[in-house]
Amino acid sequence: MTIYCLNDDPECSHGRPLIFPMLLMEVTCHPDGHHKVKKKNCGYFWRKITRKMWINRPIHLAFLLAIFSFLSLKTMAQGTLRMESDTLHPTYHGVTARTIRQFYGQREDHLFWTVSQLGTESADSLLQFIRNVRYYGLQPAWYHYSEIASLKQQGVRSENVCRFEALLTDAFVLLVGDLRYGTTGGMRSKADSLALLLLGDIAAHGALNTSLATVEPSYAGYRALKVGLKMLIDSMPGDKSLLLTNSVLVPPEIVQQVNSIEVNLERWRLQRSPFADRYILVNIPEFVAYVFEHDSVIMTSRVIVGKRDKPTPELSSTIECFVTYPYWHVPRKIAIEEYLPLIQQDVSFLNKNRFDVMDADGNIVVLDSLAWSKFNKQNFPVRLRQREGNDNALGIVKFEFDNPYGIYLHDTNARGLFRKSKRAFSHGCIRMEKAVDFSHYLVTGNCSDRSAQLDWYYSEATKHVVQLKQPIPIYVRYFTCTARDGRVAYYPDLYRKDLKLHRKFYKAHLAVDLESSAAE
C-alpha cells in the first residue's frame, strides 16, 4: 500500500507521518526515528497488535504492510470496490475497453484478479506466462508486462486496482487471440469471444495455464519449433530474465534466428484447419515433401518447386487419383512465351518433342496447315499437348487434386535437377523425386509394399487412371525453418515472404494500441 504522510516535522527521516487511509491506521513519526502505529476505529484485534508496538526494524513494518495489503484485498472482495465503468477513465488507456467491459459487466463489475485466492493465483499465473511468453514466439511488451509487474511490486490498492484488473484482462484477451488465430490473423472478434468464454471458466474453476494451452495450435511442426526456440534461448549466455522480458538478444545472428522462428510460429498459428491423420506436406523453401501418418514421417522425397517469378502457391486439397504415363496439356502462357518462338524458328520442334497440336474442339490438326508466323499472344488459336512417354515433362505419373492454380504433383523427365541443393526450376507445379514410390504407397498403404498391378501399368507404358480407395490430403506450405529433436533448420526465403510477414507481425500490436486509443 502507498503510505501517505501528514507530518510537517523537518527532522522526520521519512518527511511526514505515515497513514493508511483505507484501514484507518496511522503511523506517527518520533524524533528518535522510531514509529508507533495507532489504530483508528479498527477493532480489538488492531488495539492488541499495535498497543505499545515500536517499529524500529524494517521487518516489523514489512509485516504490517503485508497484513494491511491482505485486509485491503479483503475489503475489495467484500464489495466496497467495483470495476470502473466509465471507458473514458484512465483505467482503460491503451487497452480494449469494449471487451473488458463485457467481462466485468457479466460480473456486475465485481473485481476478479485481486479479490479471491482463485483470482490472485490466476493473476500470478498470467504474469508468469507473460514473463516467459518469448518461449512462444511472442513479446512480453505486447501484454503490458512492465506496467503489470510494476503495479504488483508496488502493491495493489484502491486507487490502482481497476487499472491492474484492466491490464490483466486485456493481456489475457490478447494472448488468447494471438495463440489461437495469430497476431496477424485478423480474427479479433472471434478471439475476443473465445477469451471471454475462457475467462468465465477461469473465474469459476481456475486453471489459467490449462486454458491457454487449449488454444495453441496442435500441429506437430508447431510444437517442435517451440521446443527449438526454447533450447536456442536457454543456450544463450547472460541473464535469461533480461533476454525474456526486454527482448535483448545477442549476438545479432541469434536475433535473426529467433526472429525467423517467431515468424514461422506465426505461420503455424495462421493455419485455420487441423491436418488429417494421414497426409502429404510439401514445404516449398525446404524443397522437400513429407508423408505423415499420425504425426510420424513415413516417407521423405526431394521436390522441385516454382521459380521465384513463377512461384508454387500454398494450398490445401486432396489427391483423389493419379495417372500413369499422362499427357501434358501445356498451359497457354508457357506455350506462347516459351514454345511459340521455338516453333516459329523450326516447326520440327513439335515432332521432336512429341507435341500434338489441337484445335479448340480437341481435334489434332496438321502442323503444315497452320500459319505459325502470324501467331502471337493475341492470336494463338491452338493448344499443345505432349504425348505420354519417359520424355514427357510430367514424367510417368501425375497426381491430380483440385486447385484454382492448375498445378500438379508429378514425376519428371529432368531427374538430374534433384541433385541441386536449391531446386526452384518449375513453372509452379511440384516435381517429386520419389513419385513412383509414392504411387505404390497410395495403392498399398505401406511404404515397403509394391502393387503388382501398378508395376504392370508402368511396364506397359500406357495411360491408366488409378482412383484411390483412400484419398490423401495434400498441404503445400511455406516454412523457412523447421525443427526436429530440438534442432532448428533454416531455409532460404525463396519468395521473399519472411520480410513482409516479419513487418506485419511486429507491427500488429502497435496497430492494436492505436485502435484501443482511438476507441477511447
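Residues numbered from 1 in each chain as written. Predicted model: local features only at pLDDT ≥ 70, side-chain atom pairs only at ≥ 80, totals over all residues. Heavy atoms only, no water.

(A) Spatial organisation of the overall build of the protein. The helix and strand tally for the protein stands at 16 helices and 19 strands. Out of the 520 residues in the protein, the part that is buried amounts to 48%. Intrachain contacts of the protein at a sequence separation of at least 6 include 63% that bridge at least 24 residues. When the accessible surface of the protein is totalled, it reaches about 25800 Å², and 52% of it is carbon and sulfur. (Helix = DSSP H or I, 4+ residues; strand = E, 2+ residues; numbered from the N terminus. Buried < 20%, exposed > 50% of the residue type's maximum accessible area, 1.4 Å probe, protein only. Contact = heavy atoms within 4.5 Å. Areas by Shrake-Rupley, 256 points an atom, 1.4 Å probe, with all protein chains shown as cover.)

(B) Examining the sheet that holds strand 10 (residues 328–329) more closely. The sheet built from three strands is open, its strands ordered 10-12-11 with antiparallel pairing. Each edge of the open sheet carries a strand with a single partner, namely strand 10 and strand 11 (355–358). Pairing of strand 10 with strand 12 (residues 383–386), which is carried by two bridges, proceeds in the antiparallel orientation. Within the sheet, the bridge partner assigned to tryptophan 328 lies in strand 12 and is glutamine 386. Set on the sheet, helix 12 (residues 332–345) makes contact with strand 10, strand 11 and strand 12; between it and strand 12 the angle comes to about 85°. (Pairing = 2+ DSSP bridges. Axes fitted to C-alpha atoms, helices over the stretch in contact; angles between N-to-C directions.)

(C) Highlighting the side chain of threonine 312. Relative to the helices and strands, threonine 312 is located in the loop between strand 8 (296–306) and strand 9 (315–324). A distance of 2.7 Å separates a polar side-chain atom of threonine 312 from the backbone nitrogen of glycine 306. At 2.9 Å, the side chain of threonine 312 forms a polar contact with the backbone oxygen of glycine 428. Contact partners of threonine 312, with chain neighbours within four places excluded, come to Ile284, Val305, Gly306, Ile407, Ser426, Gly428, Cys429, Ile430, Val476 and Tyr495. (Polar contact = N/O pair within 3.5 Å; in protein donor to acceptor, adjacent residues only side chain to side chain.)

(D) Geometry of helix 8 (residues 208–215). For helix 8, the full list of buried residues reads Leu208, Ser211, Leu212 and Val215. The buried residues of helix 8 occupy an angular sector of 95° when the element is viewed end-on, so they sit on one face. For helix 8, the exposed residues lying more than 90 degrees away from the buried face are Thr210 and Thr214. Elements in contact with the buried residues of helix 8: helix 4 (117–131), helix 6 (161–181) and helix 7 (188–205). (Arc of directions from axis to C-beta.)

(E) Focus on unusual backbone geometry. With a phi angle near 65°, aspartate 109 is a residue other than glycine that sits in the positive phi range. Within the secondary structure, aspartate 109 sits in the loop between helix 3 (97–106) and helix 4.

(F) Molecular detail of the pairing of strand 17 (residues 464–477). Pairing geometry for strand 6 (residues 278–283) and strand 17, over four bridges, is parallel. Bridge pairing links valine 282 to valine 476 in strand 17. Two elements, strand 9 and strand 17, share nine bridges in a ladder whose sense is antiparallel. When the bridges of strand 17 are listed, isoleucine 319 appears paired with isoleucine 472.

(G) Examining the packing of aromatic side chains more closely. Using the criterion set out here, one finds 29 aromatic pairs in the structure. Between tyrosine 219 and phenylalanine 275 the ring centres are 4.9 Å apart and the planes differ by 55°, which places this aromatic pair in the tilted class. In this pair, tyrosine 219 sits in the loop between helix 8 and helix 9 (220–234) while phenylalanine 275 sits in the loop between helix 11 (252–269) and strand 6, placing the two residues 56 residues apart along the sequence. In this structure, tyrosine 219 and phenylalanine 275 share a single accessibility class: buried. When the centroid spacing of 5.3 Å and the interplanar angle of 70° are considered together, the rings of tyrosine 279 and tyrosine 475 count as edge-to-face. (Phe/Tyr/Trp six-rings, centres within 6.5 Å; stacked < 30°, edge-to-face > 60°.)

(H) Examining the packing of helix 9 against helix 11 more closely. Packing of helix 9 against helix 11 brings their axes to within 10 Å, and their N-to-C directions diverge by 160°. Taken as axis vectors, helix 9 and helix 11 run roughly antiparallel relative to one another. You can see that helix 9 and helix 11 cross each other, and the crossing is left-handed. Along its contact with helix 9, which presents Gly221, Tyr222, Leu225, Lys226, Leu229 and Leu232, the element helix 11 presents Ile254, Gln257, Val258, Ile261, Asn264, Leu265, Trp268 and Arg269. Looking at the contact of helix 9 with helix 11 residue by residue, the class counts come to nine nonpolar, three polar and two charged. (Parallel < 35°, antiparallel > 145°, perpendicular 65-115°, else oblique. Left-handed = near helix turned anticlockwise from the far one by under 90°. Nonpolar A, V, L, I, M, F, W, Y, C, P; charged D, E, K, R; others polar.)

(I) Main features of the side chain of threonine 412. Here threonine 412 is to be found in the loop between strand 14 (409–410) and strand 15 (424–426). Of the polar contacts made by the side chain of threonine 412, one reaches the backbone nitrogen of alanine 414; its length is 3.1 Å.

(J) Quick look at the nonpolar core. Within the largest apolar cluster, 73 residues are counted, with the highest numbers of intra-cluster contacts made by Trp113, Leu138, Tyr143, Phe172 and Leu175. Sorting elements by how many residues they give to this core places helix 6 first, with 14 residues. Membership of the second largest hydrophobic core comes to 37 residues, among which are Cys429, Ala435, Leu454 and Tyr478. (Core = buried A, V, L, I, M, F, W, Y, C linked by side-chain atoms within 4.5 Å.)

(K) Highlighting the pattern of salt bridges. Counted by the stated rule, this structure contains 22 salt bridges. Taking the shortest distance from any N to any O, the salt bridge between aspartate 192 and arginine 188 comes out at 3.8 Å. Taken as a pair, aspartate 192 and arginine 188 lie in helix 7 at a separation of four residues, close to a single helical turn. Exposure remark for aspartate 192: the relative accessible area of 3% places this residue in the buried category. Salt-bridge contacts for arginine 450 lead to aspartate 437; the nearest nitrogen and oxygen are separated by 3.5 Å. With arginine 450 in the loop between helix 14 (435–444) and helix 15 (452–460) and aspartate 437 in helix 14, the pair connects residues that are 13 residues apart, well separated along the chain. A relative accessible area of 47% means that arginine 450 is categorised as partly exposed. A residue is classified by how much of its surface remains accessible, and aspartate 437, at 34% relative accessible area, is partly exposed. One continuous salt-bridge network, built from bridges that share partners, spans Arg98, Arg188 and Asp192. (Salt bridge = Lys/Arg side-chain N within 4 Å of Asp/Glu carboxyl O.)

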